[in-house]
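So you can see what is in the structure, the chains are spelled out below.
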Amino acid sequence: MVEYMEVEMVLNMRFSYNLLILSILLVCSWFFWENAKNNNRYRKAFAGVLGSAAVLYINRLLGIAMEDGYLQATYVLMHVERIVYYCMSVIVFAFYAYFLLCLLDQFQNVPGKKKILFFTPSTIVLLLIISSPWTKLVYYFEDGELYYGTAFLVITLGRALYEMGASIYALRKRHLLPDIFGKTIFLCIVFQFMQFIFFCIRKSDAMFFTSLLVCIVLLLMMIIVVEFYKDRTTGFLNQTAFENYCAKEIGKRNNKAVYLVKVKNYQYLKENCRELPLQEAIRQLAVHIKEYAHITSVYYLGTGRFCVISSKSDNFHEDEFLGRLEQRISEPFESNGFSVSLQLFIAIMNLESGKIKKENFHKYFIACDDMKYRMNKPMEIIHGDHFGIDQIQRYHDVEEAIERALVEKEFKMFYQPIISTQTGKMVSAEALLRLNDRVLGFVSPEEFIPISENNGKIHEISDFVMESVFRFVSEHDMEEMGLDFIEMNLSMVQCMDKHLPDKLKSYIEKYDVNPKHVNLEITETASNMDEERLQIQLMKMRKMGFTFSLDDYGTGYSNLVRVLEYPVDIVKLDKTIVWSAFHDRDNFVTLKNLISMFHDVRRKLVAEGVESEAQRDTLKELGCDYLQGYFYSKPINEDEFVAYAAKYKE
Ligand code: C2E
Ligand code: CA
Ligand code: CA
């Protein structure tokens with residue numbers, strides 16, 4: 001009697017234990033569904049793991065109930081129990097493998113047919129199992145006893161194929177996901193290995209059910225962590241993941257290069273186009289990046305910035321990647337009836353030269369991220385590792401100098417005379433900013449303006465420039481000085497600033513200046529959408545009474561047709577094309593034709609960089625209207641300029 005009770009207790013415990021495991025599994029499943037934010041493929045695959053595991057456990061209870069006599073063990077029931085058990089123990093691992101590969105984004109561009117191939121081995125094993133009651137290949141019953149058939153090994157093989165195959169693959173690709181991924185897979189292997197040893201020693205698969213549950217709980221926790229590091233729009237790892245994992249890994253693994261891919265016009269699009277089409281364009285771009293980079297690890301850092309890290313084991317080809325991207329962005333991205341054109345800036349940081357290391361990677365990355373780009377090229381590529389570390393240091397030094405100059409009011413406005421070739425008199429002057437820092441000495445605006453545009457200080461600098469120029473114009477009698485106007489430089493970022501017209505208006509009022517005495521120098525752009533906005537801005541300012549000059553003609557994309565679209569009266573020929581005309585016959589002819597072409601469309605021309613008498617004479621002969629350069633005067637400070645004007649008038 002006592003013995004019977006003990007047996008009864010053990011049996012009860014076995015049943016409750018399995019019931020407990022099943023309950024935990026069901027709770028996990030519920031938790032999983034409750035948190036199902038998105039319908040990702042890997043989530044569906046994991047649901048497959050959970051579902052097949054649940055069937056396994058329910059079937060297990062059925063088995064125990066039969067073994068313990070709670071349920072009449074009929075021939076059919078016994079077969080059903082075995083078939084479900086064997087089938088599910090293969091299916092659960094097939095889903096597990098599928099889940100791992102989906103999480104690693106391996107099925108992104110795989111057609112449906114190939115996906116079917118993935119499940120073919122499991123299907124064959126299942127057929128063998130299901131046919132066993134007749135073929136006795138996998139298992140059979142004799143006198144109520146269970147025996148393994150000749151093909152029993154296919155179950156073990158099937159499981160191993162999926163489980164070990166996918167685990168090894170996942171471990172090799174673990175750098176594509178946060179650390180927790182690789183660690184979890186490793187732990188799962190350990191548990192599966194333990195249950196295998198237990199099975200070999202005790203010929204019991206009791207451990208199988210426990211270890212399966214442990215693995216499921218581990219995977220569930222891993223999914224939650226991984227999703228914390230994933231970006232919602234693109235499905236890529238996010239900025240947090242980048243900061244936590246990527247930067248630490250640089251130089252450690254067999255990394256080859258880091259690519260920072262930035263949508264140059266993101267800010268503009270964000271302000272001017274609807275949220276959804278932009279998000280959709282970014283999502284489409286993400287899909288292309290993943291496709292072109294194959295399976296290399298890709299991060300989305302937000303605000304249109306992607307980071308691609310290639311390693312030696314990846315099937316990544318730089319030329320293919322860049323070429324296909326360039327081709328893709330040459331056409332707009334369509335979404336919900338909107339078309340969005342993206343422009344890219346790509347910084348390549350080669351890790352193989354050994355120059356970029358773990359310690360300085362961050363500096364390089366920031367320098368590339370802060371890099372000034374031209375708005376007039378659809379795709380621009382720079383090599384970050386070509387930067388010297390001094391260059392990176394310099395960037396930060398200049399940033400500090402800008403900050404100092406703003407606080408200590410160290411910026412100065414200089415003026416450079418512009419002379420009419422007809423009268424030989426000064427007719428205007430260009431206002432040029434000067435920074436003489438107590439630490440760095442003279443810093444060229446060519447260096448600090450782009451940096452200030454990147455860190456946003458340009459707006460404060462711009463205030464200083466406007467303040468100085470408008471004050472100058474109001475304090476001096478322009479007609480008396482023989483000046484038509486002062487030319488003020490506006491960078492692209494300033495031009496695009498929505499507040500610019502209002503700002504100009506407030507300065508007109510503050511200093512009671514006639515806008516005709518201020519001419520605004522703008523630079524051209526090749527971006528269609530930027531242009532639209534630019535035109536609106538320019539029209540507003542023109543209505544206020546300002547005139548414009550087109551600066552830097554001859555650098556970047558110079559397009560005569562486009563020039564005609566701008567409301568400019570004056571075109572400034574950049575000093576580089578002026579100088580090249582004196583070195584090369586062909587360039588000389590080009591310059592000559594250019595001048596006559598602009599005259600045909602009633603634009604006046606300024607030649608910059610006139611340094612010699614010979615240059616002056618030739619440019620005059622060619623019909624250039626105005627000249628500017630060291631031959632007449634370098635940019636000089638306000639007092640010197642007033643003195644110059646007085647002297648020049650004599
Ligand atoms: P930019 O508008 O093309 O200005 C002309 C540049 O050529 C000035 O350089 C001027 O000093 C220089 N230059 C003039 N004549 C000669 C010459 O005969 N020979 C040589 N070698 N150079 C000559 P700077 O002042 O260094 O300015 C560089 C650039 O910085 C400017 O190019 C302009 O794009 C930008 N910049 C200067 N001041 C401002 C400002 O107040 N606001 C903005 N947004 N940009 C500015
Ligand atoms: Ca200028
Ligand atoms: Ca210029």
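S.K.: Pulling in residues and values, what's your account of the coordination of the calcium ion (ligand 2)?
M.R.: Of the protein atoms, only Glu430 (OE), Asn489 (OD1), Glu521 (OE) and Asp551 (OD) coordinate the calcium ion (ligand 2), at distances of 2.0 to 2.3 Å. In primary sequence terms, the donor set of the calcium ion (ligand 2) follows E-x58-N-x31-E-x29-D.

S.K.: Provide a residue-level description of the nonpolar core, including the pertinent values.
M.R.: One finds Phe46, Phe99 and Met349 to be the most contacted residues of the largest nonpolar core, which totals 93 residues. The element best represented in this core is helix H3 (residues 75–103), accounting for 19 residues. Of all hydrophobic cores here, the second largest spans 74 residues; its members include Tyr395, Leu406, Met492 and Ile508.

S.K.: Describe the layout of surface pockets, listing the residues and the values that go with them.
M.R.: Estimates place the volume of the second largest pocket at around 990 Å³. The wall of the second largest pocket is formed by 39 residues, among which Tyr85, Tyr148, Arg159, Phe199 and Asp205 lie closest to the centre. Mapped by element, the contributors of at least two residues to the lining of the second largest pocket are helix H2 (41–67), H3, strand S2 (145–148), helix H5 (153–172), helix H6 (179–202) and helix H7 (206–228). Take the lining of the second largest pocket: its biggest share by element is seven residues, from H6. A per-class count over the lining of the second largest pocket returns 22 nonpolar, seven polar and ten charged.

S.K.: So, the side chain of glutamate 608: which residues are in play, and what are the values?
M.R.: As for its position among the elements, glutamate 608 is in the loop between strand S17 (604–607) and helix H23 (613–621). Excluding its chain neighbours within four sequence positions, the residues that come into contact with glutamate 608 are Glu430, Asp551, Lys572, Leu573, Asp574, Lys575, Val578 and Gln628.

S.K.: Requested: an account of the coordination of the calcium ion (ligand 3), with residues and values cited.
M.R.: Any two of four tetrahedral donors ideally make an angle of 109.5 degrees at the metal, while pairs among six octahedral donors ideally make 90 or 180 degrees. Distances from the calcium ion (ligand 3) to its protein donors, Asp551 (OD), Asp552 (OD), Glu608 (OE) and Glu608 (OE), fall within 2.3 to 2.7 Å. Within one chain, the residues donating to the calcium ion (ligand 3) are spaced in sequence as D-D-x55-E. Here aspartate 552 falls in the partly exposed class, since its relative accessible area comes to 27%.

S.K.: With reference to specific residues and values, describe the packing of H3 against H6.
M.R.: Where H3 meets H6, the closest approach of the two axes is 13 Å, and the angle between their N-to-C directions is 165°. When the axis of H3 is compared with that of H6, the two are roughly antiparallel. As H3 packs across H6, the resulting crossing turns out to be left-handed. Contacts from Phe93, Tyr96, Leu100 and Leu103 in H3 reach Phe181, Ile185, Cys188 and Gln192 in H6. For the contact of H3 with H6, the class distribution of residues is seven nonpolar, one polar and no charged.

S.K.: Quick one: what's the story with a nonpolar patch on the surface, residue by residue and with numbers?
M.R.: Nonpolar side chains collect at one region of the surface, where Val27, Trp30, Phe31 and Ile224 lie side by side and expose about 400 Å² of accessible area between them. The greatest single-element share of the nonpolar patch, amounting to three residues, is contributed by helix H1 (residues 2–34). Considering the arrangement of structural elements, one finds isoleucine 224 in helix H7. Overall, the relative accessible area of 41% leaves isoleucine 224 in the partly exposed class.

S.K.: Go over the site of ligand 1, please, and point to the residues and values.
M.R.: As a structural note, the neighbourhood of ligand 1 is formed by 26 residues, with Arg434, Gln494, Lys575, Glu611 and Tyr630 the closest of them. One nitrogen or oxygen atom from the side chain of arginine 434 is found 2.9 Å from an oxygen atom belonging to ligand 1. Relative to its free-state accessible area of 800 Å², ligand 1 is covered by the protein chains to the extent of 88%. Of all the secondary-structure elements, those providing two or more residues to the shell around ligand 1 are strand S10 (411–420), strand S11 (426–437), helix H14 (445–455), strand S15 (547–553) and helix H21 (575–581).

S.K.: Outline helix H22 (residues 585–600), supporting the account with residue identities and numerical values.
M.R.: In a regular helix each residue adds 1.5 Å, so 16 residues correspond to 22 Å; H22 covers 23 Å between its end C-alpha atoms and thus fits that length. All of the buried residues in H22 are Leu591, Leu594, Ile595 and Phe598. Across the axial projection of H22, the buried residues extend over an arc of 95°, all falling on one side. Among the exposed residues of H22, those pointing more than 90 degrees away from its buried face are Arg585, Asp586 and Asp600. Among the structural elements, S15, helix H20 (560–565), strand S16 (570–573), H21, S17 and H23 are those in contact with the buried residues of H22. By the N-cap criterion, in which a side-chain oxygen at the helix start approaches the backbone nitrogen of a residue two or three places on, H22 is capped by aspartate 584, the distance to aspartate 586 being 2.8 Å. Where H22 terminates, the next one or two residues include arginine 602, which has phi positive at roughly 55°.

S.K.: I'd love a proper account of the packing of aromatic side chains, names of residues and values included.
M.R.: Counting across every chain of the model gives 36 aromatic pairs. Relative to phenylalanine 321, the ring of tyrosine 259 lies with its centre 5.8 Å away and its plane at 65°, an arrangement referred to as edge-to-face. Pair noted here: tyrosine 259 is in strand S3 (residues 255–263) and phenylalanine 321 is in helix H11 (residues 318–329), with a separation of 62 residues, a long-range link. The same class applies to tyrosine 259 as to phenylalanine 321, namely buried. Between phenylalanine 316 and phenylalanine 321, the ring centres sit 5.2 Å apart and the planes meet at 50°, which makes this aromatic pair tilted. With relative accessibility at 5%, the residue phenylalanine 316 sits in the buried group.

S.K.: Describe the environment of serine 167, naming the residues involved and giving the relevant values.
M.R.: Within the element layout of this structure, serine 167 appears in helix H5. Given a relative accessible area of 1%, serine 167 falls into the buried group. C-alpha separation for the pair serine 167 and lysine 262, spaced 95 residues apart in sequence, amounts to 34 Å. Polar contacts involving the side chain of serine 167 include one to the main-chain carbonyl oxygen of glutamate 163, which spans 2.6 Å.

About the cut-offs
Residues numbered from 1 in each chain as written. Chains lettered and ligands numbered in written order. Predicted model: local features only at pLDDT ≥ 70, side-chain atom pairs only at ≥ 80, totals over all residues. Heavy atoms only, no water. Donors = N, O, S within 2.8 Å, 3.2 Å for Na, K, Ca; no water. Core = buried A, V, L, I, M, F, W, Y, C linked by side-chain atoms within 4.5 Å. Buried < 20%, exposed > 50% of the residue type's maximum accessible area, 1.4 Å probe, protein only. Helix = DSSP H or I, 4+ residues; strand = E, 2+ residues; numbered from the N terminus. 1 Å grid on protein atoms, 1.4 Å probe; cavity = no way out; pocket = protein on both sides within 12 Å on 5 of 7 lines; lining within 4 Å. Points joined across faces, edges and corners; volume = space filled by probe spheres on them. Nonpolar A, V, L, I, M, F, W, Y, C, P; charged D, E, K, R; others polar. Contact = heavy atoms within 4.5 Å. Axes fitted to C-alpha atoms, helices over the stretch in contact; angles between N-to-C directions. Parallel < 35°, antiparallel > 145°, perpendicular 65-115°, else oblique. Left-handed = near helix turned anticlockwise from the far one by under 90°. Patch = residues over 30% accessible without salt bridge, like charges linked within 9 Å, V, L, I, M, F, W, Y side chains within 5 Å. Areas by Shrake-Rupley, 256 points an atom, 1.4 Å probe, with all protein chains shown as cover. Salt bridge = Lys/Arg side-chain N within 4 Å of Asp/Glu carboxyl O. Near = heavy atom within 4 Å. Polar contact = N/O pair within 3.5 Å; in protein donor to acceptor, adjacent residues only side chain to side chain. Expected span 1.5 Å × (residues − 1). Arc of directions from axis to C-beta. Phe/Tyr/Trp six-rings, centres within 6.5 Å; stacked < 30°, edge-to-face > 60°.

Treat this as a map of the structure, not an account of what it does.
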